[in-house]
Amino acid sequence: MKLHTTRWLLAPVRQLRTRQLMARHGPTLLYDTAWALITLHRAPAETALVRAWARENPGTAPGVHYDHWDALSAAEKQRRLRWLRRHGHSPIQLLRLDSGLIHSARLHVLDWGPPPGPAEEHSAKLHLWSETREQP
């Protein structure tokens, strides 16, 4: 079967997987980014297609970036904590895509991970405290 025919036949399956990833990840994952991630995960041979799409749709800095835990609603925090307790990683991390591949494909991915731990919160508060003390 030709590659073009195979893509056409598998398009509904890829759309289903894209929508599933979006539902699992939450409202911060756009359809185009989810489609590109699913394509890289399921069909690594189509990396050139994803790169061409990214060149036509330039966005912000490529790579995996993380959103701010403190800016989330209480319901979203609880949803993510339940997911992390069950699966251990975010839905994007479960795809097991290399961050170098995501960067070279020029994708901007906004991922989420575990909330900051007590040591990280303490260091952030200490950093904020030291900044306020240094200002006159």
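Up top you'll find the structure we're talking about.
From a predicted model like this one, the values you see are computed outputs, not experimental measurements. (Residues numbered from 1 in each chain as written. Predicted model: local features only at pLDDT ≥ 70, side-chain atom pairs only at ≥ 80, totals over all residues. Heavy atoms only, no water.)

Novice: Can you explain helix 4 (residues 74–87)? Please cite residues and give values.
Specialist: With 14 residues, helix 4 should cover 20 Å at 1.5 Å per step; its first-to-last C-alpha distance of 20 Å lies within 8% of that length. Within the span of helix 4, buried status applies to Glu76, Arg80, Trp83 and Leu84. The buried residues of helix 4 occupy one face: seen down the axis, they fall within an arc of 95 degrees. Across helix 4 from its buried face, at more than 90 degrees, point the exposed residues Ala74, Ala75, Arg85 and Arg86. (Helix = DSSP H or I, 4+ residues; strand = E, 2+ residues; numbered from the N terminus. Expected span 1.5 Å × (residues − 1). Buried < 20%, exposed > 50% of the residue type's maximum accessible area, 1.4 Å probe, protein only. Arc of directions from axis to C-beta.)

Novice: Account for the pattern of salt bridges, with residues named and values stated.
Specialist: What the rule picks out here adds up to four salt bridges. Measuring nitrogen to oxygen at the nearest pair gives 3.0 Å for the salt bridge that ties Arg14 to Glu46. Residue Arg14 is located in helix 1 (residues 3–25), and its partner Glu46 is located in the loop between helix 2 (31–42) and helix 3 (47–56); the two are separated by 32 residues in the primary sequence. The exposure class of Glu46 is buried, given its relative accessible area of 8%. For the salt bridge of Arg80 with Glu76, the shortest nitrogen-to-oxygen distance reads 2.9 Å. With a gap of four residues between them, Arg80 and Glu76 both fall in helix 4, about one helical turn apart. Exposure remark for Arg80: the relative accessible area of 1% places this residue in the buried category. (Salt bridge = Lys/Arg side-chain N within 4 Å of Asp/Glu carboxyl O.)

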